[in-house]
Amino acid sequence: MANKINKSFIKNSHLIADLKLCSIRLIDNAKFPWIILIPKRKNINDISELNSKDQMLLMKEIVYCSKLMKKIFKTKKLNVEKIGNIVPQLHIHIIARSTKDSTWPLSVWVVKGKPYSKILLAKTINKIKKYFKD
């Protein structure tokens, strides 16, 4: 039941890893450590559309990725969100936040994103991938 990933995700993010249910992608915004989890299921726009087994697995993968993001980016605060107003395909945002980030305490969407430089992108992807291999 492989899922075709929405074109805007391909354009604006980078593959980190594939878990049992979700593809993990880094959002191309150097202002915030930010990943999305995209379940590998066809035509799913909401959590309630997943079968109960996949719903449980999604929650486990959200918790797993949340713990990794806290560890990797040494933060105590995460934003974990399912919105889908612009891209309806089911995806979960996990964003490491800090009281020192550029929009604190407001949403990350109140400012325009800043793409990673090639060097910082490679470093960030490698840093995250290391933890997904453990």
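Residues numbered from 1 in each chain as written. Predicted model: local features only at pLDDT ≥ 70, side-chain atom pairs only at ≥ 80, totals over all residues. Heavy atoms only, no water.

Asks: Before we move on, can you summarise the environment of Ser102 with the specific residues and values?
Replies: Position of Ser102 relative to the elements: it lies in the loop between β5 (92-97) and α3 (118-133). On the basis of relative accessible area, Ser102 is assigned to the exposed category, the value being 52%. Taking the C-alpha atoms as reference points, Ser102 and Phe32, 70 residues apart in sequence, are found 8.7 Å from one another. Leave out the neighbours within four places in its chain, and Ser102 touches Lys31, Phe32 and Val111. (Helix = DSSP H or I, 4+ residues; strand = E, 2+ residues; numbered from the N terminus. Buried < 20%, exposed > 50% of the residue type's maximum accessible area, 1.4 Å probe, protein only. Contact = heavy atoms within 4.5 Å.)

Asks: Hey, could you go over the side chain of Ser13 for me, with residue numbers and the actual values?
Replies: Tracing the backbone shows Ser13 in strand β1 (residues 13-18). There is a polar contact of 2.4 Å between the side chain of Ser13 and the backbone oxygen of Phe9. In this structure Ser13 touches Arg25, Leu26, Ile27, Asp28 and Ile36, once residues within four positions along its chain are discounted. (Polar contact = N/O pair within 3.5 Å; in protein donor to acceptor, adjacent residues only side chain to side chain.)

Asks: Before we move on, could you go through the layout of surface pockets and cite the residues and values that matter?
Replies: The space that makes up the largest pocket amounts to roughly 630 Å³. Forming the walls of the largest pocket are 22 residues, and the residues nearest its centre are Asn12, Ile27, Trp34, His93 and Trp109. Secondary-structure elements contributing two or more residues to the lining of the largest pocket are α1 (7-12) and β3 (34-39). In terms of residue count, the dominant contributor to the lining of the largest pocket is α1 (three residues). Classifying every residue of the lining of the largest pocket by side-chain character gives eleven nonpolar, eight polar and three charged. (1 Å grid on protein atoms, 1.4 Å probe; cavity = no way out; pocket = protein on both sides within 12 Å on 5 of 7 lines; lining within 4 Å. Points joined across faces, edges and corners; volume = space filled by probe spheres on them. Nonpolar A, V, L, I, M, F, W, Y, C, P; charged D, E, K, R; others polar.)

Asks: I'd like a rundown of unusual backbone geometry, residues and numbers included.
Replies: Here the amide bond leading from Trp104 into Pro105 is cis, since omega sits at 0°, within 30 degrees of zero. Relative to the helices and strands, Pro105 resides in the loop between β5 and α3. Of note, Asn43 is a non-glycine position whose phi angle comes to about 55°, a positive value. Residue position: Asn43 is located in the loop between β3 and α2 (52-73). When its relative accessible area of 71% is taken as the criterion, Asn43 is described as exposed.

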